[in-house]
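What follows is the residue order along each chain.
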Number of protein chains: 4
Amino acid sequence: MLRFNNDYNHAAHDKVLEAVMNSRNGSFAGYGEDEWCSAAADMIRKLTSCDDAAVYFLPGATQVNFIVCAAALRPIESVICADSGHIFAHEAGSVEKTGHKITALPGSDGKITAAQIAEEASKYYDEGEKEYLTKPGMVYISFSTEWGTVYSRNEIAAISEVCKRYGMLLFVDGARMGYGLGAEGNDMSLEAFAELTDVFFIGGTKCGAMFGEALVIVNRQLQTGFRSYMKQNGAVLAKGWLMGLQFCALLQDNLYFEITKKADEAAVRIRESFRQKGIPLYIESPTNQQFVLLTDEQKSRLEEKYIFEFMTRTPEGLNCVRFCTGWNTTAEEVDQLIDDIGRL
Amino acid sequence: MLRFNNDYNHAAHDKVLEAVMNSRNGSFAGYGEDEWCSAAADMIRKLTSCDDAAVYFLPGATQVNFIVCAAALRPIESVICADSGHIFAHEAGSVEKTGHKITALPGSDGKITAAQIAEEASKYYDEGEKEYLTKPGMVYISFSTEWGTVYSRNEIAAISEVCKRYGMLLFVDGARMGYGLGAEGNDMSLEAFAELTDVFFIGGTKCGAMFGEALVIVNRQLQTGFRSYMKQNGAVLAKGWLMGLQFCALLQDNLYFEITKKADEAAVRIRESFRQKGIPLYIESPTNQQFVLLTDEQKSRLEEKYIFEFMTRTPEGLNCVRFCTGWNTTAEEVDQLIDDIGRL
Amino acid sequence: MLRFNNDYNHAAHDKVLEAVMNSRNGSFAGYGEDEWCSAAADMIRKLTSCDDAAVYFLPGATQVNFIVCAAALRPIESVICADSGHIFAHEAGSVEKTGHKITALPGSDGKITAAQIAEEASKYYDEGEKEYLTKPGMVYISFSTEWGTVYSRNEIAAISEVCKRYGMLLFVDGARMGYGLGAEGNDMSLEAFAELTDVFFIGGTKCGAMFGEALVIVNRQLQTGFRSYMKQNGAVLAKGWLMGLQFCALLQDNLYFEITKKADEAAVRIRESFRQKGIPLYIESPTNQQFVLLTDEQKSRLEEKYIFEFMTRTPEGLNCVRFCTGWNTTAEEVDQLIDDIGRL
Amino acid sequence: MLRFNNDYNHAAHDKVLEAVMNSRNGSFAGYGEDEWCSAAADMIRKLTSCDDAAVYFLPGATQVNFIVCAAALRPIESVICADSGHIFAHEAGSVEKTGHKITALPGSDGKITAAQIAEEASKYYDEGEKEYLTKPGMVYISFSTEWGTVYSRNEIAAISEVCKRYGMLLFVDGARMGYGLGAEGNDMSLEAFAELTDVFFIGGTKCGAMFGEALVIVNRQLQTGFRSYMKQNGAVLAKGWLMGLQFCALLQDNLYFEITKKADEAAVRIRESFRQKGIPLYIESPTNQQFVLLTDEQKSRLEEKYIFEFMTRTPEGLNCVRFCTGWNTTAEEVDQLIDDIGRL
């Protein structure tokens, strides 16, 4: 069986594993206060052209998400996000557990617009104090989104402008940052994220690392005491250097960006083979996640050889499923899948 | 510089790293629902002679601690522990963050007694409803403790009895379980933990793994929905199998127990060399953590070659410091340190 | 200016104030452990035909709402309610503050249906464990609702059945219980609430008391330790007897039910006068809250003499406003308003 | 039986009840946005000589305490208080429920000293960042304390200085403010509280009101959004004006200060009669709470006629009990008690 179910089913890129093996005889300071984390943070500050950014490494994306919320928001503040947002739909109420309401805005493609956000924020900010409402304190978006789409630079600039207008922070979940940046037609960059947002992260787990996300805090106020929030919520790893060195390996010679871009291209090849076969796309995605609508029979046929993810059943009785490539996906695997799609 | 500062300054035991490397071409189900986690859980159920135990793998010990509290306690319930307990003294208020008060009992050696616990519990339970007090719902102890000491089987049995009497859960922080079990004179065992407690964990991070703690939930009620608590608090690792295979490697052929026992023996050699030198021990520890009282000059001399941890300054002007061995400590390193202690 | 803005703009019914004055020379035990609270609880147990109910008195409805949630739900559990539900829309995130997500279901009349609830619960309960979702643990409905409507006995029985099927608690916010019960055509009763729900409250603040809500906990498990939840969340009033005696006064000789029924009748008279005038009703309400759609001019004209509440502006440019009667509303006040409506 | 058990066993001072009765025919804006609250706030701003203070009225003291903590502290911050502090010992973990650790300092008379606070704060602030510790963000003291004692102006000024040095807020629980200010030898004043602290409250419940505490927020930053914190935690009373008018009644013509001073004097008479009888005082208190050590026989004898509070049993087998006077205590009641003490 070949796995196209997600982008985290292989251990890590060879360069990452090599780096871990090469460190085996060394000894390091604990809790991320070591030379690897320091070097990786420097690389990221350079890549983002943001010398003042605080960069921290946390084991997983759910941790990043709720810890940023916990650190950024006062108890009466809430977060605005898309109704498909990972924090709203897939994290078991982790943000509410920290005491904050999430206001989910509807969207069919994983994205929300500056206009939607402005309308929601205006209800609170433009009509006098309303002590019975939570105060929108942060906007959370994902890049790429849960549906594989990406925001354009203009879209994020517009959202950023709304956030500034109302004093809300802008936070970008970049668990799939590499796949977003590698998408055909993408015009965002790490520099632009540092310029337009308050805080974002560069995903490692789904982009070639064993584990680890690199959090980039641009906003100075949010930097204050952040390591205590990490500690309080169990995200300070004893052997933090293991994350630093993985990011050093991934960011060297552009590896991170190349392997994710290659995965995007593979996914687009798969998408086009579905399209040629006349199988409807659920959504037009330029990244490593592709969503198509299969009949029961098509689904069964492909399940004989492939593992992929069932999303939902449409009213018409079709199956929305996800095929996901990753940094590890080989040309042969893609060729084989395309062949089998052709034979459906 | 040689590190005797802690037991988590090396990446992982060779067998662990090998296991990771060997898995590099495989692909696995995410979130700990894979064959490695399943196999490691089975090994642990066998080692504990507890077929009904739920076994989960979490990245770090702070996570385990506060998630167990969050899952086990109702909002009006509190935890009893030693005032040196990790959850009280070193986790940035992570348990209070989940909404629970910690009642810390005084103790000079990291341990608390059944009598102390009974006295505290009795204040709530034996004198009628007191709605203005929190209800002691759990007792937390560490094995080995923050001061390197271990509980005897009789001591834990007595604590267990008090817990049962008042309906409190008993939770054992086993971040240093291997070192505790390997201590000279120890009469506890994993089987005994499964018999006498409700929930405990077997530390990986400090005992030869890159990261990961194996949580063993004996209490049936506490098992219910536990994975959701893990998810909600960011402790479900995407590539969970990385923890399963590390534990498989460590538990095979008794490796886990051998390497930690060896570290205990090394530590005892160091302790005895201090004793022979006439340097006072701060506490009598049979495990891998040794605490001694150095003069300023002795401390400076050793700091030229070694990294070790400063704990506190005594009223007499001595420095309580910790020398810690680990699964990675070599005989040569110990010999060298002992030599230098001899030359003080 | 005459207030039709809400049902809590007068101090209290004369009988209530008299009762307070008559107690002035007495001295009482604190924290609700007095003879008045005891007597009022007995009266309520009789009215609900539920001998085993625990009955507590809390100062305000927001307190009741979030404390019931805090006491009833485990951290991974969420509450289902209507998107107009007071806990979702008007309490500043108080339930999320206790760590629980609210899943709001859409509804145009303040009510949700058993079918909607079943569909939502089924997503979690009928498709295998989903550790990334919160577990629906409670359903919250209001009687009467925010839009003045009431559930029929059949509707609540159906909701109760769904709750039982999935093991969810059913909680009824009865801040306007009196007005709900007094509605024309209503077939619910306090007995039926005790039979069909786990916990509900009988509002005092809006129904003739100075302050205070009578919480009726039918579910035995939820009764356990409930006073500690009240204390922990600041809802144990030092002079709790003041609430007990107010409820004694209100429940004596059916006063509570008569004054609220009279207010419903007054509201219906107002509603009909709007209807006769050809002013569209926003919703058909049988209780003390009436919602109509006024033109800007009509609104301005009525604002010269009356205080009423602006709700929202419709796309057509009409003003949805609320006229609310109360236990204190006099026939003269209603006559005058009807006169003025006639003259619009 | 005569109650000397506490200062909240009578409904309210006649002037307060009169004020409520006189308002019976009026109608008022809800949620504390009315003319009574406004007038009472103005009176308090004048009494404290603090024009910029925000003044809010909350039903109970536990609410005030945890809401101030919730609003003032970031999640990684903790509160320092005496181990007898009400928030630590008598509020069922309400502060921990909001996520904050309380660091309790030992004290035998209910007070803590500037030196103790400085020592505790210094551990965090003066030795480099320690992400595993909570950050002391607030100091909480009571005036008068749980043991009836009062801080001098010098003592509070010294504490205030330490708070300023480390950037911690100073919060004074004034549930018994009146009794503290009325104590013989007291040199604190409301003006001094406004000058030396960030936030404090003037207790109503124990000082002649039916219920209600007047919170005075001097610190500008803490004022921001405070009403939302009140709402979120259920402390915005629908008929908030009932608290405003009670405070208007109490503060008029110095009534509040006179009735509490008189209670202090009555308590001191009782204290002296115990002293003359040779019955040891547990503590020297100048306020309305008196603590003495009774033999079992003395206790039984007095229990025949009086209700008073048992505190604790000493190792010597004596009973520490509290006799508490209040605004309502009459000279006759005191005379009778003194008589009976004399006859012991």
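Residues numbered from 1 in each chain as written. Chains lettered and ligands numbered in written order. Predicted model: local features only at pLDDT ≥ 70, side-chain atom pairs only at ≥ 80, totals over all residues. Heavy atoms only, no water.

Novice: Go over the overall build of chain A with me, naming the residues and quoting the values.
Specialist: Along its length, chain A carries 15 helices and 12 strands. Rg of the C-alpha trace for chain A: 20 Å, near the compact-globule value of 20 Å for 344 residues, within the 12% margin. Along the first, second and third principal axes, the C-alpha set of chain A runs to 60 × 60 × 35 Å. For chain A, with 344 residues in total, the buried portion stands at 67%. By sequence separation, contacts in chain A at least 24 residues apart represent 72% of the contacts at least 6 residues apart. Entry remark: accessible area of chain A is about 11800 Å², with carbon and sulfur atoms responsible for 47%. (Helix = DSSP H or I, 4+ residues; strand = E, 2+ residues; numbered from the N terminus. Rg over C-alpha atoms; globule rule 2.2 N^0.38 Å. Buried < 20%, exposed > 50% of the residue type's maximum accessible area, 1.4 Å probe, protein only. Contact = heavy atoms within 4.5 Å. Areas by Shrake-Rupley, 256 points an atom, 1.4 Å probe, with all protein chains shown as cover.)

Novice: So, the packing of helix H13 (residues 255–276) of chain C against helix H15 (residues 331–342) of chain C: which residues are in play, and what are the values?
Specialist: All names here are of chain C. Two elements in contact, H13 and H15, have axes whose closest approach is 9 Å; the angle formed by their N-to-C orientations is 10 degrees. The orientation of H13 relative to H15 falls into the category roughly parallel. Here Ala 266, Arg 269, Ile 270, Ser 273 and Phe 274 of H13 come into contact with H15, specifically with Ala 331, Val 334, Asp 335, Leu 337, Ile 338 and Ile 341. (Axes fitted to C-alpha atoms, helices over the stretch in contact; angles between N-to-C directions. Parallel < 35°, antiparallel > 145°, perpendicular 65-115°, else oblique.)

Novice: Residue-level account of the pairing of strand E3 (residues 77–82) of chain C, with values.
Specialist: Residue and element names in this part refer to chain C. In terms of residue burial, E3 counts as a mostly covered element, since six of its six residues are buried. For E3 and strand E5 (residues 135–142), the ladder comprises four bridges, and the chain directions are parallel. When the sheet's bridge partners are listed, Val 79 is paired in E5 with Met 138. Relative to strand E4 (residues 102–105), E3 runs parallel, the two sharing four bridges. When the sheet's bridge partners are listed, Cys 81 is paired in E4 with Ala 104. (Pairing = 2+ DSSP bridges.)

Novice: Would you mind going over the state of the cysteines in detail, with residue names and values included?
Specialist: Note: disulfide means a covalent bond formed between the sulfur atoms of two cysteine side chains. Enumeration over the complete set of coordinates arrives at zero disulfides over all chains. For the unlinked cysteine Cys 248 of chain A, the closest cysteine sulfur is that of Cys 37 of chain A, found at 8.1 Å. Relative accessible area serves as the criterion here: at 8%, Cys 248 of chain A is assigned to the buried category. Its sulfur unpaired, Cys 207 of chain D is 10 Å from the next cysteine sulfur, which belongs to Cys 324 of chain D. On the basis of relative accessible area, Cys 207 of chain D is assigned to the buried category, the value being 0%. (Disulfide = S-S within 2.5 Å.)

Novice: Could you give me a rundown of helix H7 (residues 153–166) of chain A, with the residues and numbers involved?
Specialist: Residue and element names in this part refer to chain A. For H7, spanning 14 residues, the distance from its first C-alpha to its last is 20 Å, which sits close to the expected 20 Å at 1.5 Å a residue. Within the sequence span of H7, burial applies to Ile 156, Ile 159, Ser 160, Val 162, Cys 163 and Tyr 166. Summarising the axial view, the buried residues of H7 lie within an arc of 160 degrees, below the 170-degree limit, and thus occupy one face. Exposed residues pointing more than 90 degrees away from the buried face of H7 are listed as Asn 154 and Lys 164. Structurally, H7 contributes buried residues whose contacts are with helix H6 (114–125), strand E5 (135–142), strand E6 (169–173) and helix H9 (190–196). (Expected span 1.5 Å × (residues − 1). Arc of directions from axis to C-beta.)

Novice: Pulling in residues and values, what's your account of the interface of chain D and chain C?
Specialist: Contacts between chain D and chain C engage 43 residues on the former and 44 residues on the latter. Summed over both sides, the interface between chain D and chain C buries roughly 3900 Å², with carbon and sulfur atoms accounting for 58% of that surface. For Asp 14 of chain D, the salt bridge is made with Arg 24 of chain C, and the minimal N-O distance between the two is 2.7 Å. Inspection of the chain D/chain C interface yields 18 residue pairs in polar contact (both at pLDDT 80 or more). Those elements that provide at least two residues to the side of chain D that touches chain C are helix H1 (14–22), helix H3 (61–72), helix H5 (94–97), helix H11 (226–232) and helix H12 (241–251) of chain D. At four residues, the largest contribution of residues to the side of chain D that touches chain C is made by H1 of chain D. In the side of chain D that touches chain C, the residues fall into 19 nonpolar, 17 polar and seven charged. (Buried area = accessible area lost by both parts, 1.4 Å probe. Salt bridge = Lys/Arg side-chain N within 4 Å of Asp/Glu carboxyl O. Polar contact = N/O pair within 3.5 Å; in protein donor to acceptor, adjacent residues only side chain to side chain. Nonpolar A, V, L, I, M, F, W, Y, C, P; charged D, E, K, R; others polar.)

Novice: Tell me about the interface of chain A and chain B, and please be specific about residues and values.
Specialist: At the interface, 43 residues of chain A touch 43 residues of chain B. The tally of links from chain A across to chain B stands at two salt bridges. Between the two partners, chain A and chain B, sit 18 residue pairs in polar contact (both at pLDDT 80 or more). When residues of the side of chain A that touches chain B are traced back to their parent elements, those giving at least two are helix H1 (14–22), helix H3 (61–72), helix H5 (94–97), helix H11 (226–232) and helix H12 (241–251) of chain A. Among the elements that take part in the side of chain A that touches chain B, H1 of chain A stands out by supplying four residues, more than any other. Per-class residue counts for the side of chain A that touches chain B are 19 nonpolar, 17 polar and seven charged.

Novice: Describe the environment of Ser 228 of chain A, and please don't skip the residues or the numbers.
Specialist: Note on placement: Ser 228 of chain A falls in helix H11. Classification of Ser 228 of chain A by relative accessible area gives buried; the value is 2%. Apart from the residues within four sequence positions on either side, Ser 228 of chain A is in contact with Ala 92 of chain B together with Ile 76, Lys 130, Glu 131 and Leu 133 of chain D. A distance of 3.2 Å separates the side chain of Ser 228 of chain A from the backbone oxygen of Glu 131 of chain D, its partner in a polar contact.

Novice: Give me the lowdown on the sheet that holds strand E11 (residues 309–313) of chain D, citing residues and values where you can.
Specialist: Residue and element names in this part refer to chain D. Taken together, the three strands give an open sheet; going across it, the order is E9-E12-E11, and neighbouring strands pair in antiparallel fashion. Each edge of the open sheet is held by one strand with a lone partner, namely strand E9 (289–294) and E11. Across the sheet, the mean angle from the axis of one strand to that of its neighbour is 30 degrees, orientation sign disregarded. Taken together, the six bridges between E9 and strand E12 (residues 319–324) define a ladder with antiparallel strand orientation. Each residue of the ladder has a partner; that of Leu 294, found in E12, is Asn 319. Sheet strands in contact with helix H14 (residues 296–303) are E9, E11 and E12, and its direction is about 130 degrees off that of E9.

Novice: A description of the environment of His 100 of chain C should follow, citing residues and the corresponding values.
Specialist: Of note, His 100 of chain C is situated in the loop between helix H5 (94–97) and E4. By relative accessible area, His 100 of chain C is classed as buried at 3%. C-alpha of His 100 of chain C to C-alpha of Thr 205 of chain C: the two residues are 105 residues apart in sequence and 26 Å apart in space. Excluding residues that lie within four positions of it along the chain, His 100 of chain C makes contacts with Glu 96 of chain A together with Cys 69, Ala 70, Leu 73, Arg 74, Pro 75, Glu 77 and Val 95 of chain C.

Novice: Describe the relation of the copies chain D and chain C, and please don't skip the residues or the numbers.
Specialist: The operation relating chain D to chain C is a screw motion whose rotation component is 180 degrees, with 0.0 Å of axial translation and a residual RMSD of 0.0 Å. Both copies are brought into coincidence by an operation consistent with a two-fold rotation axis. A shared interface surface links the copies, since 100% of the contact residues of chain D are contact residues in chain C too. (Least-squares fit on C-alpha atoms with pLDDT ≥ 70 in both.)

Novice: Got a sec to walk through the relation of the copies chain A and chain B? Specific residues and values, please.
Specialist: For the pair chain A and chain B, the best superposition has an RMSD of 0.0 Å and corresponds to a rotation of 180 degrees with a translation of 0.0 Å parallel to the axis. With an isologous cut-off of 70% or more, the 100% of interface residues of chain A that recur at the interface of chain B puts this contact in the isologous class.

Novice: Give a description of the packing of aromatic side chains that names residues and reports values.
Specialist: The description of an aromatic ring pair uses the distance of the two centres, along with the angle that the planes make with each other. Evaluation of the coordinates by the stated rule reveals 74 aromatic pairs over all chains. Between Phe 4 of chain A and Tyr 306 of chain A the ring centres are 5.9 Å apart and the planes differ by 55 degrees, which places this aromatic pair in the tilted class. On the criterion of sequence distance, the pair formed by Phe 4 of chain A in the loop between strand E1 (2–3) and H1 and Tyr 306 of chain A in strand E10 (residues 306–307) is long-range, its members being 302 residues apart. As far as the burial class goes, Phe 4 of chain A and Tyr 306 of chain A line up, both buried. Ring plane angle 50 degrees and centroid distance 5.3 Å describe the contact between Phe 274 of chain A and Phe 323 of chain A, whose orientation is recorded as tilted. Of the two residues, Phe 274 of chain A is situated in helix H13 (residues 255–276) and Phe 323 of chain A in strand E12 (residues 319–324); the sequence distance between them amounts to 49 residues. Considered together, Phe 274 of chain A and Phe 323 of chain A belong to a single accessibility category, that of buried residues. Every member of this aromatic cluster is reached through a ring pair, and the members are Phe 4, Phe 274, Tyr 306, Phe 308 and Phe 323 of chain A. If you follow Lys 111 of chain B out to its NZ or CZ, it ends over the ring of Tyr 151 of chain B, 5.5 Å from the centre. (Phe/Tyr/Trp six-rings, centres within 6.5 Å; stacked < 30°, edge-to-face > 60°. Lys NZ or Arg CZ within 6 Å of the ring centre and 35° of its normal.)

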